[in-house]
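# Breakdown of the fold
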Number of protein chains: 2
Amino acid sequence: MEVKLAKNYGFCFGVRRAIKLAESKPNSITLGPLIHNAKEIERLKENFNVVVNENIQEVKPNQEVIIRTHGITKNDLEELKKKTNNITDATCPFVTKPQEICERMSKEGYQIIIFGDVKHPEVKGVMSYCQNEPVVIDKLEALKDIKISDKVALISQTTKNVEIFLKIADFLIPQCSECRVFNTICNATFDNQDSARSLAKEVDVMVIVGGKNSANTKQLYNISKEFCQDCYLIEEAQELQETWFIGKQICGVSAGASTPNWIIDKVVERLKSFK
Amino acid sequence: MEVKLAKNYGFCFGVRRAIKLAESKPNSITLGPLIHNAKEIERLKENFNVVVNENIQEVKPNQEVIIRTHGITKNDLEELKKKTNNITDATCPFVTKPQEICERMSKEGYQIIIFGDVKHPEVKGVMSYCQNEPVVIDKLEALKDIKISDKVALISQTTKNVEIFLKIADFLIPQCSECRVFNTICNATFDNQDSARSLAKEVDVMVIVGGKNSANTKQLYNISKEFCQDCYLIEEAQELQETWFIGKQICGVSAGASTPNWIIDKVVERLKSFK
């Protein structure tokens, strides 16, 4: 069977950078999972003894600690600095940016509105840089009962949908005298989505590789499913079943932003072995 | 015939303020027409000897000069200050605001994008406060070939359409990392439009009073015409023809933002005299 990879798939810049940093700091701990891919976290543990620990209290004096791609809260960072001088910051630079914007804009007196999921570690980190309580909304409707200030700064979680972000901006602009819109959406996720969409249109069957609890992987699956009825979401090569591909000529492959190439390579290899 | 006035019509805040200022400065000159209504300009000339003069060179030493509601360019203001100390600034405060924004934002390195008519005196004034050449567009399509900078400040002419303004913002936001949107659209024009629309729906015939070359008056006419087929645009009471109102029960009246009450009153009086 012919196997065709999407033009863009897998690791984004921030994940690639975080893994390089983790590999360069063996025997360290990460505060929470470095990225949203259990297999890769496992590999880092096995090959580099980089282990996950959620609890800052358990950090030993001057232990090597890596900050996850999604960042941590300002308070946690201060706590951590009291415990150790050996901190490697693997926060994605696209996440550091909204943190900085949030801090600067709230200092300048802007009402901060964050388009994002209030429970997501990235958003928790960004929120913590706000001097006052920010408004966090995951949909336009959530803004309807909020009192809008005269000067507003609008920021987005990096992986949010740009269309909804614009609708939120359109709702805010007529209500305030200044709406400072910071486009903090990362293009990488959308490049993967566009490529999966194109590929799904030209193949008989699609395989999406990624964590089953990864939001961006699920989005790739849903988009592909729209254009290619036979679509499968797997975490690793072993899950592939030969019967799925009977009578298929071309199989498309894409992968979430936290899916490492070594997992994708194994999937492609196994797919190619099918007749 | 019953005559019903629109809930909001006629003079906006800036025009009302400018006329009060002009009446308090008899024997002065205005640089260009104070407002866009020839009849009112004529009245100011007759009753207060306030006359229009476009040419700064002709200003006599320390002559009383009034700056028009639409503002003048920064250079003209400097020239004027060399000629006279007796300057009354009747620039609408809603126009002064975009001038200030333009100056401040261009100093801070933002690319200035003005949604407006490049030939309109208001826009010429606002543009002149920009340290570099601003981009001036009167429709979204005009932006297509423009190189968008990373940091953009978007400003609008006070009387522009908010829907198109939002479309321009939506086009810019995904292309830059920061889009600072200043909502400099004046609500007064839109209040008049909304009121004309509501009134046109419930009357048999509509009369719009205002300068025939006034853009906002023409907009009122077009909106009313949509909902009330018998719609007339007049500059003064004498133009009314009794035959227009044969068999009509209720006549709605609205007026442009530069139409003085004394003209509207005469129109209403004449309409009421019709059977």
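Residues numbered from 1 in each chain as written. Chains lettered and ligands numbered in written order. Predicted model: local features only at pLDDT ≥ 70, side-chain atom pairs only at ≥ 80, totals over all residues. Heavy atoms only, no water.

## A look at the overall build of chain A
Selection criterion: The way it works is that DSSP assigns letters per residue, a run of H or I at least four long becomes a helix, a run of E at least two long becomes a strand, and they are numbered from the N terminus. Values of the radius of gyration come from C-alpha atoms, whereas the globule rule sets the reference at 2.2 Å times the count of residues to the power 0.38. For the exposure calls, accessible area comes from a 1.4 Å probe over protein chains only, and a residue counts as buried if that area is under 20% of its type's maximum, exposed if over 50%, partly exposed in between.
The helix and strand tally for chain A stands at 9 helices and 12 strands. The globule rule puts the C-alpha radius of gyration for 275 residues at 19 Å, and the 21 Å found for chain A is close to it. In terms of its C-alpha atoms, chain A occupies a principal-axis envelope of roughly 65 × 50 × 25 Å. Out of the 275 residues in chain A, the part that is buried amounts to 53%.

## Points about the nonpolar core
The cut-off we apply is this: Only buried residues count toward a nonpolar core, which is a set of Ala, Val, Leu, Ile, Met, Phe, Trp, Tyr and Cys residues joined through side-chain atoms within 4.5 Å. Residues are treated as being in contact if the distance between any of their heavy atoms lies within 4.5 Å.
Membership of the largest hydrophobic core comes to 40 residues, with the highest contact counts inside it found for Ile113(A), Leu172(A), Ile113(B) and Leu172(B). Not counting residues up to four positions away in its chain, the partners in contact with Leu172(B) are Ile113(B), Leu143(B), Ile148(B), Val152(B), Leu154(B) and Cys179(B).

## As for the interface of chain A and chain B
Going by this rule: Buried surface area refers to the total accessible area, computed with a probe of radius 1.4 Å, that the two partners give up upon joining, counted for both partners together. When a carboxyl oxygen of Asp or Glu lies within 4 Å of a side-chain nitrogen of Lys or Arg, that pair is called a salt bridge. Polar contacts, as counted here, are pairs of nitrogen or oxygen atoms within 3.5 Å of one another; within protein the pair requires one atom able to donate a hydrogen and one able to accept it, and residues that are adjacent in sequence qualify only if both atoms are side-chain atoms. Just so you know the grouping, Ala, Val, Leu, Ile, Met, Phe, Trp, Tyr, Cys and Pro go in nonpolar, Asp, Glu, Lys and Arg go in charged, and all remaining residues, Gly too, go in polar.
On the chain B side, the residues contacting the 18 residues of chain A number 18 residues. With both sides pooled, the region where chain A packs onto chain B buries about 1,500 Å², and carbon together with sulfur makes up 54% of that total. Remark: the boundary between chain A and chain B carries 2 salt bridges. A salt bridge links Glu178(A) to Arg180(B); its shortest N-O distance comes to 2.5 Å. Between chain A and chain B we count 12 residue pairs in polar contact (both at pLDDT 80 or more) in total. At the level of elements, α6 (162-172) and β9 (178-182) of chain A are the ones that each hand at least two residues to the side of chain A that touches chain B. Here the side of chain A that touches chain B is composed, by residue class, of 11 nonpolar, 3 polar and 4 charged.

## Some remarks on the domain arrangement of chain A
Think of interface size as the accessible area that goes away when the parts come together; that is how it is often given. How we decide: These domain limits were set by an automatic method or by a database of domain assignments.
Domain boundaries in chain A define domain 1 (2-8 + 188-273), domain 2 (13-91) and domain 3 (94-185). The C-alpha centroid of domain 3 of chain A is placed 33 Å from the C-alpha centroid of domain 1 of chain A.

## Here we look at the sheet that holds strand β1 (residues 2-5) of chain A
All names here are of chain A. Stated precisely, the cut-off is as follows: Two strands form a pair only when DSSP identifies at least two bridges running between them. A fitted line through C-alpha atoms represents every axis, and for helices the fit uses only the stretch in contact; the resulting angles, taken between N-to-C directions, go from 0 to 180 degrees.
Pairing within the open sheet is parallel, and its 4 strands lie in the order β1-β12-β10-β11. Strand pairing shows two members of the sheet lacking a second neighbour, β1 and β11 (231-234), which therefore form its edges. Across the sheet, the mean angle from the axis of one strand to that of its neighbour is 25°, orientation sign disregarded. As judged from the 5 bridges shared by strand β10 (residues 205-209) and strand β12 (residues 250-255), these two strands associate in the parallel manner. Looking at the pairing, Ile208 lines up with Ser254 of β12. Taken strand by strand, helix α7 (residues 187-202) contacts β1, β10 and β12, and its axis lies near 170° from that of β12. Taken strand by strand, helix α8 (residues 215-227) contacts β10, β11 and β12, and its axis lies near 170° from that of β11.

## Here's the deal with the packing of aromatic side chains
Aromatic rings in a pair are described by how distant their centres are and how their planes are angled relative to each other. Where we set the bar: Each aromatic pair joins two rings of Phe, Tyr and Trp (for Trp, the six-membered one) with centres within 6.5 Å, and gets the label stacked for planes under 30 degrees apart, edge-to-face for over 60, and tilted for any other angle. A ring has a charge above it when a Lys NZ or an Arg CZ is no more than 6 Å from the ring centre and no more than 35 degrees off the ring normal.
One pass over the full model with this rule turns up 12 aromatic pairs over all chains. Between Phe115(B) and Phe165(B), the ring centres sit 6.4 Å apart and the planes meet at 15°, which makes this aromatic pair stacked. Highlighted residues: Phe115(B) in strand β6 (residues 111-115) and Phe165(B) in helix α6 (residues 162-172), separated in sequence by 50 residues. By way of ring pairs, the aromatic residues Tyr232(A), Trp244(A), Phe245(A) and Phe274(A) are connected into one cluster. Positioned over the ring face of Tyr110(A) is Lys151(A), at 4.6 Å from the centre of the ring.

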